[in-house]
Amino acid sequence: MITSTVPAWQAEFATAVQDPAELLRRLKLPADTCDLAKDAGGFPLRVPICYIARMRKGDPHDPLLRQVLPTTAESAGKPGYSRDPVGDGDATMAPGILHKYQGRVLLITTGACPIHCRYCFRRHYPYGGSNSAGNKWETAVDYIAADESVHEVILSGGDPLSIADDRLSVLAEALQHIPHVKRLRLHTRMPVVIPSRVDPHLLEWLGECTLGKVVVVHVNHPCELDDSTGEAIRRLAGTGATLLNQSVLLKGINDNPDTLAELSEALFLNGILPYYLHQLDRVEGASHFAVPEMKSLELMDNLRIRLPGYLIPRLVREKAGMPYKLPRVTAIPAH
Ligand SMILES: *Cc1c(COP(=O)(O)O)cnc(C)c1O
Ligand code: SF4
């Protein structure tokens with residue numbers, strides 16, 4: 001018998017659809033219904049087949065499809081939109097290390113993602129210029145070891161779970177040996193996009209990691225969650241990690257109170273609490289996803305009417321140079 005040594009998730013990663021025509025064929029959509037971009041601006045389509053399976057066939061407005069399909073709207077330049085909207089360049093303190101906030105550093109572990117989200121604020125990030133994206137983390141680990149104020153390390157990217165578990169376990173162990181590091185956080189879409197990623201190899205090193213563990217997944221719409229993601233998330237929870245979600249507020253995808261309330265409820269059923277709801281970072285190519293400030297505040301007020309406080313995400317806007325992500329609270333004046 002031939003047994004494959006390639007984990008199932010790597011096969012799903014490798015067979016992601018990259019041809020827009022193929023995606024539309026699978027969804028039984030005529031190409032002319034979708035404003036398909038001729039040129040994806042150096043950020044090509046990428047979407048795994050198991051994620052496509054959660055899209056509605058024949059619906060050009062499907063909220064999962066809209067997150068991944070390159071459309072003509074992306075080429076509309078807009079003032080205020082740039083290639084580095086949140087000042088990542090200025091916050092780079094060592095190769096792959098973004099140090100913006102007190103006590104926490106973010107490590108760009110890789111440029112690879114299982115899915116390409118059209119609104120991604122790092123869609124133009126120069127991953128090639130950062131050593132850590134080539135999986136060379138020594139200088140990054142040295143930086144963290146040398147700064148005793150760092151208590152939490154966030155593995156980000158790209159998607160850190162695009163990296164094989166033998167490499168991740170080495171990194172986690174190196175971080176665990178730094179006395180001032182108390183917590184390890186993963187920012188990942190993988191458990192939702194390719195649920196088979198949460199396999200015994202991942203569970204083994206994460207389960208063994210003695211740091212405080214937080215996994216922040218990224219779900220924007222309740223239709224992204226199904227039985228397969230539920231299973232994956234339950235397995236993750238078994239490692240003792242605290243599970244949180246971050247979303248981006250996206251016009252035409254989740255900018256209505258029904259969808260956001262349903263999302264919070266669905267997350268809770270999966271053992272995940274809402275963390276951040278990000279106002280769109282003004283990245284070139286994504287201006288058509290922006291939701292006006294006043295509308296987003298009214299959405300939050302509407303959610304507060306419907307849901308208990310623990311199911312309300314924090315609406316935030318990231319502003320370059322600020323010491324935290326700025327809370328955006330309510331449309332109701334205090335006086
Ligand atoms: C968002 C972010 C963090 C995490 O911020 P929290 O408010 O702790 O979630 C840390 N570092 C960088 C560079 C970030 O962009
Ligand atoms: S998974 Fe995250 S980092 Fe990757 S494209 Fe989507 S938003 Fe960007």
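Residues numbered from 1 in each chain as written. Chains lettered and ligands numbered in written order. Predicted model: local features only at pLDDT ≥ 70, side-chain atom pairs only at ≥ 80, totals over all residues. Heavy atoms only, no water.

So, the pairing of strand β7 (residues 242-248)
Okay, step 1: Of all 7 residues in β7, 6 are buried, a share of seventy percent or more.
Okay, step 2: As judged from the 5 bridges shared by strand β6 (residues 212-218) and β7, these two strands associate in the parallel manner. What sits directly across from Val-217, in β7, is Asn-245.
Okay, step 3: Note that the unit made of β7, helix α10 (residues 257-269) and strand β8 (residues 273-278) has a crossover that is right-handed. (Buried < 20%, exposed > 50% of the residue type's maximum accessible area, 1.4 Å probe, protein only. Helix = DSSP H or I, 4+ residues; strand = E, 2+ residues; numbered from the N terminus. Pairing = 2+ DSSP bridges. Right-handed = clockwise from strand over helix to strand, strands pointing away.)

Thoughts on the pattern of salt bridges
Note on pairing: side chains with opposite charge can pair once their charged atoms come close.
Okay, step 1: Going through the model one piece at a time under the given rule, you end up with 20 salt bridges.
Okay, step 2: For Asp-258, the salt bridge is made with Arg-306, and the minimal N-O distance between the two is 2.9 Å. Note that Asp-258 is positioned in helix α10 and Arg-306 in helix α11 (residues 293-306), a separation of 48 residues in sequence.
Okay, step 3: Two residues, Glu-318 and Lys-325, come together in a salt bridge whose shortest N-O distance is 3.2 Å. For the residue pair Glu-318 and Lys-325, the accessibility class agrees, reading buried in each case. (Salt bridge = Lys/Arg side-chain N within 4 Å of Asp/Glu carboxyl O.)

Structural notes on the site of ligand 1
Okay, step 1: Neighbouring residues of ligand 1: Leu-98, Lys-100, Tyr-101, Arg-104, Leu-106, Ile-154, Arg-185, Tyr-275, Tyr-276, Glu-318 and Lys-325.
Okay, step 2: Arg-104 is positioned such that a nitrogen or oxygen atom in its side chain is 2.7 Å from an oxygen atom of ligand 1.
Okay, step 3: Take Tyr-275: an N or O atom from its side chain is 2.7 Å from an oxygen atom of ligand 1.
Okay, step 4: In the complex, the protein chains occlude 93% of the 390 Å² of accessible area that ligand 1 would expose alone. (Near = heavy atom within 4 Å. Polar contact = N/O pair within 3.5 Å; in protein donor to acceptor, adjacent residues only side chain to side chain. Areas by Shrake-Rupley, 256 points an atom, 1.4 Å probe, with all protein chains shown as cover.)

Let's talk about the environment of His-201
Okay, step 1: Mapped onto the fold, His-201 is located in helix α8 (residues 200-208).
Okay, step 2: His-201 sits 194 residues away from Pro-7 along the chain, and the two C-alpha atoms are 9.2 Å apart.

Overview of the packing of aromatic side chains
Okay, step 1: Scanning the entire structure with this criterion turns up 5 aromatic pairs.
Okay, step 2: Between Tyr-119 and Phe-289, the aromatic rings sit 5.8 Å apart at their centres with planes inclined by 90°, giving edge-to-face as the arrangement. Of this pair, Tyr-119 sits in the loop between β3 (104-108) and α5 (138-146) while Phe-289 is found in the loop between β8 and α11, placing the two residues 170 residues apart along the sequence.
Okay, step 3: With relative accessibility at 4%, the residue Tyr-119 sits in the buried group.
Okay, step 4: The buried category is assigned to Phe-289, whose relative accessible area is 5%.
Okay, step 5: A centroid spacing of 4.8 Å and a plane angle of 50° characterise the contact between Tyr-125 and Tyr-127, whose relative ring orientation is tilted. Tyr-127 matches Tyr-125 in its accessibility class, with the two residues each being buried.
Okay, step 6: Above the ring of Trp-137, the side-chain terminus of Arg-167 is found at 5.3 Å from the ring centroid.
Okay, step 7: Sitting over the ring of Trp-9, Arg-197 keeps its end group 4.1 Å from the ring centre. (Phe/Tyr/Trp six-rings, centres within 6.5 Å; stacked < 30°, edge-to-face > 60°. Lys NZ or Arg CZ within 6 Å of the ring centre and 35° of its normal.)

Comments concerning the packing of α10 against α11
Okay, step 1: The N-to-C vectors of α10 and α11 enclose an angle of 50°; their axes lie 10 Å apart at closest approach. With respect to their mutual orientation, α10 and α11 come out oblique. Where α10 crosses over α11, the two elements pack in a sense that is right-handed. Two secondary-structure elements touch here, α10 through Pro-257, Asp-258, Leu-260 and Ala-261 and α11 through Leu-299, Asn-302, Leu-303 and Arg-306.
Okay, step 2: For the contact of α10 with α11, the residue count by class is 5 nonpolar, 1 polar and 2 charged. (Axes fitted to C-alpha atoms, helices over the stretch in contact; angles between N-to-C directions. Parallel < 35°, antiparallel > 145°, perpendicular 65-115°, else oblique. Left-handed = near helix turned anticlockwise from the far one by under 90°. Contact = heavy atoms within 4.5 Å. Nonpolar A, V, L, I, M, F, W, Y, C, P; charged D, E, K, R; others polar.)

Considering the site of ligand 2
Okay, step 1: Around ligand 2, the structure places Cys-113, Ile-115, Cys-117, Cys-120, Gly-158, Arg-189 and His-218.
Okay, step 2: A breakdown of the residues in the shell around ligand 2 according to their chemical character gives 4 nonpolar, 2 polar and 1 charged.

Some details on the side chain of Arg-54
Okay, step 1: Take Arg-54: it is sitting in the loop between α3 (49-52) and α4 (65-68).
Okay, step 2: For Arg-54, the residues in contact, after removing those within four places along its chain, are Leu-64, Val-192, Val-193, Pro-195, Cys-223, Glu-224, Asp-226 and Thr-229.

Description of the packing of helix α6 (residues 165-176) against α8
Okay, step 1: Packing of α6 against α8 brings their axes to within 10 Å, and their N-to-C directions diverge by 5°. When the interaxial angle is binned, α6 and α8 end up roughly parallel. Residue-level inspection shows Asp-165, Leu-168, Ser-169, Ala-172 and Gln-176 of α6 in contact with α8, the latter providing His-201, Leu-202, Trp-205 and Glu-208.
Okay, step 2: Class assignment for the residues of the contact of α6 with α8 results in 4 nonpolar, 3 polar and 2 charged.

Topic: the sheet that holds strand β9 (residues 314-317)
Okay, step 1: Taken in spatial order, the 10 strands of this open sheet run β1-β2-β3-β4-β5-β6-β7-β8-β9-β10, and their pairing is mixed. In this open sheet, the two edge strands, each paired with only one partner strand, are β1 (92-94) and β10 (326-327).
Okay, step 2: Bridge analysis of strand β4 (residues 152-156) against strand β5 (residues 183-187) gives 4 bridges, and the strand direction is parallel. What sits directly across from Ile-154, in β5, is Arg-185.
Okay, step 3: The sheet contacts of α5 involve β1, β2 (97-101), β3 and β4, and relative to β2 the element is tilted by about 30°.

Structural notes on the nonpolar core
Okay, step 1: One finds Leu-23, Val-47, Met-55, Ile-144, Leu-155 and Leu-175 to be the most contacted residues of the largest nonpolar core, which totals 73 residues.
Okay, step 2: With sequence-adjacent residues up to four places away left out, Ile-144 is seen in contact with Ile-97, Val-105, Val-150, Val-153, Leu-175, Ile-178, His-180 and Val-181.
Okay, step 3: Counting 13 residues, the second largest nonpolar core, distinct from the first, contains Leu-277, Leu-299, Leu-307 and Leu-315. (Core = buried A, V, L, I, M, F, W, Y, C linked by side-chain atoms within 4.5 Å.)

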